[in-house]
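# Overview (structure and organization)
Listed here are the chains, written in short residue letters.
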Amino acid sequence: MHRVARLLRRLRAFALRRRLDREMEAEMRHHLEMEARDLVARGVPAADADRLARVRFGGVERFKEAGRDARGLVWLRDALRDARQAARSLFRDPGFAAAAIVTLALGVGASTAIFSAVYGVLLRPLPYEDPDRLVRFIGTTETRNGRGTLSFPDVLDWRDGTSSFTGVAAYDEWSATIGGDEAPERIDGASVTSGFFDVLGATPALGRFFLPREDDAGHDPAVVLSHALWQRRYGADPNVIGRMLRVGTVDYRIVGVAGAAFEDPGLSGPSFDAPALWRVSPPYFDPASVPRGARSFTAIGRLRPGIALERARKEVSTIAARLAAEYPSQNAGHGVELVPLKEQITAPSRPALLMLLGATGLLVLLACANVANLLVARGAARERELALRAALGAERSRLVRQLLAESALLAIAGGALGVAIAAWASPVLVSLAGDTLARAARVRLDGGVLAFAAAATMLTALVFGLAPALHASLVEPQAALKDGARGTTGGTTRRFRDVLVAAEVAIAVVLLVVSGLLLRSLWTLQRVEPGFTASRVLTLVVDPPGATYDDDSAAVRLYERLEARLAELPGVERVGVADILPMSGSFNGMRIDLPDRPAPPHGERPSVETRVVTPGFFSAVGIPLVRGRGFTRDDGVGAPEVAIVDEATAARFWPGDDPIGQTIIVFDSTRWRIVGVVGDVRHFALDQPPEPTLYLPRARAQQWATASGVITVRGSASPSSLVEPARRAIRSIDPGIAVSRARPLADVVGETVVPQRLRALLLAIFAAIAFVVGAIGIYGVVAHGVSRRLPELGIRIALGADRRDVLGLVMRQGLAPVAVGLGIGLLAAAGTARLVASLLFGVSSSDPTTFVVVVLGLGAAAIVAAYLPARRALRVDPMTALRAD
């Protein structure tokens, strides 16, 4: 406590230092006047009394300095003095200061923007109670895009049969149309068991969450609204609790509203948005009626305090093995894996974010090297000034401290500008990433990110400022102050700057190679044929009101009317309907049997992707018919069951045979005769191979499709021009139909390459900055070398040296560190490229074309950067150069 009080007194004294200095000076003047009056009273002449009083009293300035030292915080006073001196020095050289500040701002700004994403996605804790105890249950079979589905009865067995968890909750994605007094609207939601919110440790903003009894079959339907839906649809009405909401054909009682900060754990597939509401599962998923072979759920659990994840894994695996033995026809070959929830949520974004963070680290090092180069050149130009200060008694530590103060001011200014750049770039980064960035809502510039920016700023000040300061402080006063002296550290300065240039070139090579590989990978990926023609195709998701179209025949007639009405619109060429749109992220894998083959063992039945489509779908999206025929209007109710397969299915099950006329059994009983073969389609992403696919006619398979559908409209003009006419046409058929996700099919395909495009774009920007900064560094080194060697070059030319030889000499010395940097950079790039090999498509991490282009491009830029200042050597007037010395 005494130390704190003393520190506070010293801080107060420091804040009032000017007033205290005036009071101390007045006191000293009073003592001098008293001494002078005493001397006059003793007979000393008045003219001599003042001088003699000062002599007898002693050194006034010494007493004043002792008084200042007694107040403490001398270091702070000296630091402010150094800062003022540094500011004056930098204001005298605004060009240097601007170049250094902008260079640092680019490095700090880029690193801060990327770190905001890394911190928000990877480092920020999940917004739940004790988030480290939350785990995700993932099925080890039937996975698609990393999302393993589970059986609802299995989840209940794990919940009730384990002791490692305080709770386990099932979760299933869900889409429906909400109506009522407002216009019909399609929303994405989730079906959950009643303990879902309790497992997460969430608290409602209004009302309550689900009660255990609401899990019971036959209980009144209940729903919890998201905070966003509550505000948007109900205007944040606090009286919404207890009201009824029509969802599809069912009336739900609103029992609660989630908090504004509640974050759904993201268990939905990629084709679903964040849930707008949650409903309890029963009576829709009564475990007594849901077969174990139906796998559509995921699950989360909360570990008990003190229970290790490995113990929970063993317990769950034991139950899974027992279930496989009890239900061999449904559970054979199926398992489960427990993964920490945060790890599972952030896994898709982690590799790219870490790669970008590493790239920005290299960019910061490049900025530091470039500014250090500028400081070394400035220090060489200030050798006489530093020598004079050393000759007047300044110690080396004092010179280093002064030079570091200049570096600190540059870093602070660059850091402040960098934070401003990051504040602009961070939202842009999130916008470009779209839905591909997990936890994007948590990416922001908060205290943690600003602390990182401050730490990065101080670290860069130390990194780029210390070595040049120590180097500049080695000046020898006597040699530097001699007439005609060119400095005492010229050789070491040149070597030090050569090292910095080599480092800049090496860093630039790494960034250029990695960005080049990613750009080539993106170019290759975008040239992949998806199996359909996405241009000029508009897609719309329609959700008919369930009460009207519960009957399968009514739904079939509705889509026939919709197709006919849309086909009448001006500019429309083809119209089709499918249950799942290619590249949308949705999937529907079905087990099949082949009647002419022996039955496979349990768990080894082959599966194919199944799509339910109308006859016009293939021509609307441009899927080519390879063999046989397509669907027709005659393939409706009462007609034979016919199907179409793709080439991948034909090659897998009937290699070398004609698939036309073959039979496939789907849903364990229905036999479908194959009448056509179409081209392969990449249903999930351009970098994933085509999946074997079975197409069924909607008129015969409506019972296996939901009432909602995706309408595809091929037009002769831009798809955006068809959006409103299509909406009006659909409303003219039935105003109760909800229309959503109207977007061009080309945009749907483009969204699948957003992660690759974002990575390539950001690294290309970083590489371009590295390229420019590296070229500027080379130019600066050669220009500085030429300016300091003008007398030498003048003498060489005066003695008869060929000007081309002089040019070659300067160029060789300027490009020597570039060659070293290229060699080191190629070795480092080869190792770094292997680390990002998993992010590449269609290009090797050792792609020679990329490496050669980088070397040639950077080498050419280095030659130009070295030639421009070296050309000055050709115009040197020997007499002028000698007089300048």
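Residues numbered from 1 in each chain as written. Predicted model: local features only at pLDDT ≥ 70, side-chain atom pairs only at ≥ 80, totals over all residues. Heavy atoms only, no water.

### Quick look at the overall build of the protein
Looking only at helices and strands, one finds 30 helices and 24 strands in the protein. Relative to its 885 residues, the protein shows a buried fraction of 49%. When the accessible surface of the protein is split by element, carbon and sulfur atoms take 58% of a total near 39800 Å². (Helix = DSSP H or I, 4+ residues; strand = E, 2+ residues; numbered from the N terminus. Buried < 20%, exposed > 50% of the residue type's maximum accessible area, 1.4 Å probe, protein only. Areas by Shrake-Rupley, 256 points an atom, 1.4 Å probe, with all protein chains shown as cover.)

### Here we look at the packing of aromatic side chains
Two aromatic rings are characterised by how far apart their centres lie and by the angle between their planes. Counted under the stated rule, the structure contains 18 aromatic pairs. For the ring pair Phe 617 and Phe 618, a centre distance of 5.9 Å and an interplane angle of 65 degrees mean the geometry is edge-to-face. We note that Phe 617, like Phe 618, is buried. Where Phe 653 meets Trp 654, the ring centres are 5.9 Å apart and the plane angle is 65 degrees; that geometry is what we call edge-to-face. Three or more aromatic residues link up through ring pairs in this structure, and these residues are Tyr 128, Tyr 171, Phe 196, Phe 197, Phe 209, Phe 210, Phe 262 and Trp 278. Positioned above the aromatic ring of Trp 174, the side-chain terminus of Arg 279 is 3.7 Å from the ring centre. In this arrangement the basic side chain of Arg 698 is found over the ring face of Tyr 559, its NZ or CZ atom lying 4.4 Å from the centre. (Phe/Tyr/Trp six-rings, centres within 6.5 Å; stacked < 30°, edge-to-face > 60°. Lys NZ or Arg CZ within 6 Å of the ring centre and 35° of its normal.)

### Some points on helix α9 (residues 227–234)
For α9, the full list of buried residues reads His 227, Leu 229, Trp 230, Arg 233 and Tyr 234. One side of α9 carries all its buried residues, which in axial view fall inside an arc of 165 degrees. Counted as exposed and oriented over 90 degrees from the buried face of α9: Ala 228 and Arg 232. Two residues or fewer after α9 comes Gly 235, characterised by a positive phi angle close to 60 degrees. (Arc of directions from axis to C-beta.)

### Re the nonpolar core
Phe 196, Phe 197, Phe 210, Phe 262, Trp 278 and Ile 778 are the most contacted members of the largest nonpolar core, which totals 86 residues. The leading source of residues in this core is helix α18 (residues 490–526), at 13 residues. Among residues more than four places away in sequence, those in contact with Phe 197 are Ala 202, Phe 209, Phe 210, Val 224, Phe 262 and Trp 278. One finds Val 541, Met 583, Val 613 and Tyr 695 within the second-largest nonpolar core, a separate group that totals 27 residues. (Core = buried A, V, L, I, M, F, W, Y, C linked by side-chain atoms within 4.5 Å. Contact = heavy atoms within 4.5 Å.)

### Comments concerning the side chain of Arg 714
Following the sequence through the fold, Arg 714 ends up in strand β23 (residues 709–715). There is no salt bridge for the buried Arg 714, and the closest opposite charge comes from Glu 573, which lies 5.4 Å off by N-O distance. With residues up to four places along the chain from it excluded, the contact list for Arg 714 reads Thr 533, Ser 535, Arg 536, Val 537, Gly 571, Val 572, Glu 573, Arg 574, Ser 619, Ala 620, Val 621 and Gly 622. (Lys, Arg positive; Asp, Glu negative; His and termini not counted. Salt bridge = Lys/Arg side-chain N within 4 Å of Asp/Glu carboxyl O.)

### What to know about a nonpolar patch on the surface
Together, Trp 424, Val 428, Leu 432, Leu 761 and Ile 765 line one region of the surface with nonpolar side chains, adding up to about 470 Å² of accessible area. Those elements giving two or more residues to the nonpolar patch turn out to be α15 (396–433) and α26 (754–788). Considering every element that reaches the nonpolar patch, the biggest residue donor is α15, with three residues. Mapped onto the elements of the fold, Leu 432 is located in helix α15. (Patch = residues over 30% accessible without salt bridge, like charges linked within 9 Å, V, L, I, M, F, W, Y side chains within 5 Å.)

### What about the pattern of salt bridges?
Counted by the stated rule, this structure contains 22 salt bridges. Asp 847 is the salt-bridge partner of Arg 520, the closest N and O atoms lying 2.5 Å from each other. Of the two residues, Arg 520 sits in helix α18 while Asp 847 sits in the loop between α28 (803–835) and α29 (848–870), which places them 327 residues apart along the sequence. Look at Arg 520 and you get partly exposed, because its relative accessible area is 30%. Taking the relative accessible area as the measure of exposure, Asp 847 reaches 10% and is therefore buried. Between Arg 700 and Glu 641 there is a salt bridge, with its nearest N and O atoms 2.4 Å apart. On the criterion of sequence distance, the pair formed by Arg 700 in helix α23 (residues 698–701) and Glu 641 in the loop between β18 (625–628) and β19 (642–646) is long-range, its members being 59 residues apart. Relative accessible area serves as the criterion here: at 15%, Arg 700 is assigned to the buried category. A network of salt bridges, in which partner residues are shared, links Arg 186, Asp 188, Asp 543 and Arg 741.

### Structural notes on unusual backbone geometry
Even without a glycine there, the phi angle at Met 583 is positive, about 70 degrees. Its place among the elements puts Met 583 in the loop between β15 (572–578) and β16 (589–593). Residue classification places Met 583 among the buried positions, given a relative accessible area of 5%. Positioned with a positive phi, Arg 741 is a non-glycine residue whose angle comes to about 50 degrees. Here Arg 741 is to be found in strand β24 (residues 738–744). Assessed through its relative accessible area of 25%, Arg 741 is described here as partly exposed.

### Concerning the packing of helix α20 (residues 552–567) against helix α24 (residues 723–733)
For any two helices packed against each other, the geometry comes down to the angle between their axes and how far apart the axes lie. Put simply, α20 and α24 touch, their axes get as near as 10 Å, and they point 140 degrees apart. By the angle between their axes, α20 is oblique relative to α24. Crossing angle aside, the handedness with which α20 passes α24 is right-handed. Residue-level contacts link Leu 558, Arg 561, Leu 562, Arg 565 and Leu 566 of α20 to Ala 726, Ala 729, Ile 730, Ser 732 and Ile 733 of α24. Here the residues of the contact of α20 with α24 sort into seven nonpolar, one polar and two charged. (Axes fitted to C-alpha atoms, helices over the stretch in contact; angles between N-to-C directions. Parallel < 35°, antiparallel > 145°, perpendicular 65-115°, else oblique. Left-handed = near helix turned anticlockwise from the far one by under 90°. Nonpolar A, V, L, I, M, F, W, Y, C, P; charged D, E, K, R; others polar.)

### A look at the pairing of strand β9 (residues 244–247)
Consecutive side chains of a regular strand alternate in pointing toward one face of the sheet and then the other. Alternating residues of β9 divide into Leu 245 and Val 247, all buried, and Met 244 and Arg 246, none buried. Bridge analysis of β9 against strand β10 (residues 250–258) gives four bridges, and the strand direction is antiparallel. Pairing of Met 244 across the sheet is with Arg 253, part of β10. Remark: two residues form the turn of the hairpin made by β9 and β10, two consecutive strands paired antiparallel; Gly 248 in that turn has positive phi of roughly 65 degrees. (Pairing = 2+ DSSP bridges.)

### A closer look at the pairing of β16
Residue alternation in β16 divides its side chains into a buried set, Met 590 and Ile 592, and an unburied set, Gly 589, Arg 591 and Asp 593. Here β16 runs beside strand β17 (residues 607–613); their pairing, made up of three bridges, is antiparallel. The residue bridging Gly 589 from the neighbouring strand is Glu 609, located in β17.

### Thoughts on the environment of Arg 88
Along the chain, Arg 88 falls in helix α5 (residues 74–91). For the pair Arg 88 and Glu 406, spaced 318 residues apart in the sequence, the C-alpha separation amounts to 9.6 Å.

### Thoughts on the confidence of the model for the protein
Averaged over all residues, the pLDDT of the protein is 80; the fraction at 70 or higher stands at 79%. Across the protein, the element-wise mean pLDDT spans from 46 in strand β2 (residues 143–144) up to 94 in helix α21 (residues 617–621). The low-confidence segment residues 142–146, where pLDDT is below 50, has 15 contacts with residues more than four positions distant or belonging to other chains. (pLDDT = per-residue confidence, 0-100.)

### Some words on the environment of Ala 408
Inspection of the secondary structure puts Ala 408 in helix α15. Spatially, the C-alpha atoms of Ala 408 and Phe 464 are 9.8 Å apart, while their sequence positions differ by 56 residues.

### Structural notes on α29
The terminal C-alpha atoms of α29, which comprises 23 residues, lie 32 Å apart, in line with the 33 Å expected from a rise of 1.5 Å per residue. Of the positions making up α29, those classed as buried are Thr 850, Phe 851, Val 854, Leu 858, Gly 859, Ala 861, Ala 862, Ala 865, Ala 866, Pro 869 and Ala 870. (Expected span 1.5 Å × (residues − 1).)

### Details of the packing of helix α7 (residues 152–161) against helix α10 (residues 309–326)
Contact geometry of α7 with α10 gives a least axis separation of 10 Å together with a crossing angle of 130 degrees. Relative to α10, the element α7 lies oblique. In the crossing of α7 with α10, the sense of the turn from one axis to the other is right-handed. In this structure, α7 contributes Asp 154, Asp 157, Trp 158 and Gly 161 to the contact, and α10 contributes Glu 315, Val 316, Ile 319, Ala 320 and Leu 323. Among the residues forming the contact of α7 with α10, the class breakdown is five nonpolar, one polar and three charged.

### Looking at the environment of Gly 107
Position of Gly 107 among the secondary structure elements: in helix α6 (residues 94–123). Gly 107 sits in the buried class, given a relative accessible area of 2%. Taking the C-alpha atoms as reference, Gly 107 lies 7.0 Å from Thr 360; in sequence the two are 253 residues apart.

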